[in-house]
Amino acid sequence: MSHAELDTPEPTPGGEATPAARKRPKPGERRVQILQALATMLEQPGAERITTAALAARLEVSEAALYRHFASKAQMFEGLIEFIEQSVFTLINQITEREAEGPPQAARIVGMLIQFAEKNPGMTRVMVGDALVFENDRLQQRMNQFFDKVEASLKQCLRGDGDAGAPTVEAQVRASVLTAFIVGRLQRFARSGFKRMPSEHLEASLARIL
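Just so it is clear, the structure is predicted and the values come from calculations on it, not from any experiment.

1. As for the packing of helix α5 (residues 73–98) against helix α6 (residues 103–119)
Item 1. Closest axis-to-axis distance for the α5/α6 pair is 10 Å, and the angle between their directions is 155°. Classified by the angle their axes make, α5 and α6 are roughly antiparallel. Relative to α6, the crossing made by α5 is right-handed. Residue-level inspection shows Phe 83, Ile 84, Ser 87, Val 88, Leu 91, Ile 92, Ile 95 and Thr 96 of α5 in contact with α6, the latter providing Gln 105, Arg 108, Ile 109, Met 112, Leu 113 and Phe 116.
Item 2. Split by residue class, the contact of α5 with α6 holds 10 nonpolar, 3 polar and 1 charged.

2. Quick word on helix α3 (residues 52–59)
Item 1. Those residues of α3 lying buried are Thr 52, Leu 55, Ala 56 and Leu 59. In a view along the axis of α3, the buried residues occupy a sector of 100°, so they form one face of it.
Item 2. Where α3 ends, the next residue or the one after it, Glu 60, has phi of about 60°, a positive value.

3. Focus: a nonpolar patch on the surface
Item 1. Residues Val 169, Val 173 and Val 177 make up a contiguous nonpolar surface patch of about 260 Å² in total accessible area.
Item 2. As for its position among the elements, Val 177 is in helix α9 (residues 169–191).
Item 3. On the basis of relative accessible area, Val 177 is assigned to the partly exposed category, the value being 41%.

4. What to know about the packing of aromatic side chains
Item 1. The full count for this structure, using the stated rule, is 4 aromatic pairs.
Item 2. When the centroid spacing of 5.0 Å and the interplanar angle of 85° are considered together, the rings of Phe 146 and Phe 147 count as edge-to-face.
Item 3. The exposure class assigned to Phe 147 is buried, which follows from its relative accessible area of 9%.
Item 4. An aromatic cluster is defined as three or more aromatic residues linked by ring pairs; in this entry it consists of Phe 89, Phe 146 and Phe 147.
Item 5. Just above the ring of Phe 89 sits the side chain of Lys 149; from NZ or CZ to the centre is 4.4 Å.

Calculation notes
- Residues numbered from 1 in each chain as written.
- Predicted model: local features only at pLDDT ≥ 70, side-chain atom pairs only at ≥ 80, totals over all residues.
- Heavy atoms only, no water.
- Axes fitted to C-alpha atoms, helices over the stretch in contact; angles between N-to-C directions.
- Helix = DSSP H or I, 4+ residues; strand = E, 2+ residues; numbered from the N terminus.
- Parallel < 35°, antiparallel > 145°, perpendicular 65-115°, else oblique.
- Left-handed = near helix turned anticlockwise from the far one by under 90°.
- Contact = heavy atoms within 4.5 Å.
- Nonpolar A, V, L, I, M, F, W, Y, C, P; charged D, E, K, R; others polar.
- Buried < 20%, exposed > 50% of the residue type's maximum accessible area, 1.4 Å probe, protein only.
- Arc of directions from axis to C-beta.
- Patch = residues over 30% accessible without salt bridge, like charges linked within 9 Å, V, L, I, M, F, W, Y side chains within 5 Å.
- Areas by Shrake-Rupley, 256 points an atom, 1.4 Å probe, with all protein chains shown as cover.
- Salt bridge = Lys/Arg side-chain N within 4 Å of Asp/Glu carboxyl O.
- Phe/Tyr/Trp six-rings, centres within 6.5 Å; stacked < 30°, edge-to-face > 60°.
- Lys NZ or Arg CZ within 6 Å of the ring centre and 35° of its normal.

By themselves, these figures tell us nothing about what the structure is for.
Structural data, given as structure tokens:
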């Protein structure tokens, strides 16, 4: 993955990776390498279901080597989902801490999610479920919960006039529309082979919704 990188330690304190270090990475480093390879493979437009055999071949290791770090392919996808969750909700928290509630805050959250998707095409296929079609059902359920949490965050942004109570019906409707807008833009991006940018006419679209 070349954009929102999964955190990986430096090869050596001096910045020079020795041949031995390349051959025998630390367990945590190997896990990151596996997830990066999986995300990169998902970036190929029209990519079919990714097998552990293909993933192992890309990394030039055996399938057994993969299973020393992940019990199953589902766990590998869970690793990507955890990265998505941590990245997105950390940024949402930063936005809500720095800006007052209201439409501008909601627009910032939507823009951040759209930008995250554009920078991470492989992750986008996970977020919209295209990469999870033939995988364990719990993975899709987890992504559904992810968007439920995004919608809840948007409701809080839009509850209005600093009201500490429950979001209004209008706030709930707007949050639902914004969440559907995000999902729709991400689906179009993935299914166009990453040609239709989700940020297309973003400001004008948000102005209409908000």
